[in-house]
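# Coordinates in review
Here is how the chains run, residue by residue.
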Amino acid sequence: TGTNKGTAKKIGGFFKGVKAEVKKVSWPNKKELVNHTAVVIAVCAIMALLVWILDSGLHALLSLFIG
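### Digging into the overall build of the protein chain
Of the regular secondary structure elements, the protein chain holds two helices and zero strands. Rg of the C-alpha trace for the protein chain: 25 Å, well past the compact-globule value of 11 Å for 67 residues, more than 25% over. In terms of overall dimensions, the protein chain has a C-alpha envelope of 70 × 40 × 10 Å along the principal axes. Relative to its full complement of 67 residues, the protein chain shows a buried share of 0%. Of the accessible surface of the protein chain, which amounts to about 6,400 Å², a share of 74% is contributed by carbon and sulfur atoms.

### Things to note about a nonpolar patch on the surface
Taken together, the side chains of Val39, Val43, Ile46, Met47, Leu49, Leu50, Trp52 and Ile53 define a hydrophobic patch exposed on the protein surface, amounting to about 790 Å² of accessible area. Considering the arrangement of structural elements, one finds Ile46 in helix 2 (residues 30–66).

### What to know about the pattern of salt bridges
Within this structure, the stated rule accounts for one salt bridge. As a salt-bridge pair, Glu21 and Lys24 come within 3.2 Å of each other at their nearest N and O atoms. Pair noted here: Glu21 and Lys24 are both in helix 1 (residues 2–24), with a separation of three residues, about one helical turn. Glu21 gets classed as partly exposed once you look at its relative accessible area, which sits at 46%.

### Let's talk about the packing of aromatic side chains
Enumeration according to the criterion identifies one aromatic pair in this entry. With 5.2 Å between their ring centres and 75° between their planes, Phe14 and Phe15 make a pair best called edge-to-face. Just as Phe14 is exposed, Phe15 falls in that class too.

### Quick notes on the environment of Gly17
Position of Gly17 among the secondary structure elements: in helix 1. For Gly17, a relative accessible area of 30% gives the class partly exposed. Once the C-alpha coordinates of Gly17 and Ile41 are considered, the two residues, 24 residues apart in sequence, prove to be 33 Å apart.

Here is what the cut-offs are and how they apply
- Residues numbered from 1 in each chain as written.
- Predicted model: local features only at pLDDT ≥ 70, side-chain atom pairs only at ≥ 80, totals over all residues.
- Heavy atoms only, no water.
- Helix = DSSP H or I, 4+ residues; strand = E, 2+ residues; numbered from the N terminus.
- Rg over C-alpha atoms; globule rule 2.2 N^0.38 Å.
- Buried < 20%, exposed > 50% of the residue type's maximum accessible area, 1.4 Å probe, protein only.
- Areas by Shrake-Rupley, 256 points an atom, 1.4 Å probe, with all protein chains shown as cover.
- Patch = residues over 30% accessible without salt bridge, like charges linked within 9 Å, V, L, I, M, F, W, Y side chains within 5 Å.
- Salt bridge = Lys/Arg side-chain N within 4 Å of Asp/Glu carboxyl O.
- Phe/Tyr/Trp six-rings, centres within 6.5 Å; stacked < 30°, edge-to-face > 60°.

Geometric values such as these leave the question of function open.
Written out as structure tokens, the structure reads:
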């Protein structure tokens, strides 16, 4: 039917656009990738430590009031 052809054209156009945009991306080299990965892991570890400290502190504070 006509609507299926129109939909197929739209989907095809979408993927052509995606392909064109991916070609414009500046991909990191191996050194940059390793450095960025290390930063992400370090920030996640620091945030986890902060959440754990806050959780422990709030637990201690609430346990004074509760029992």
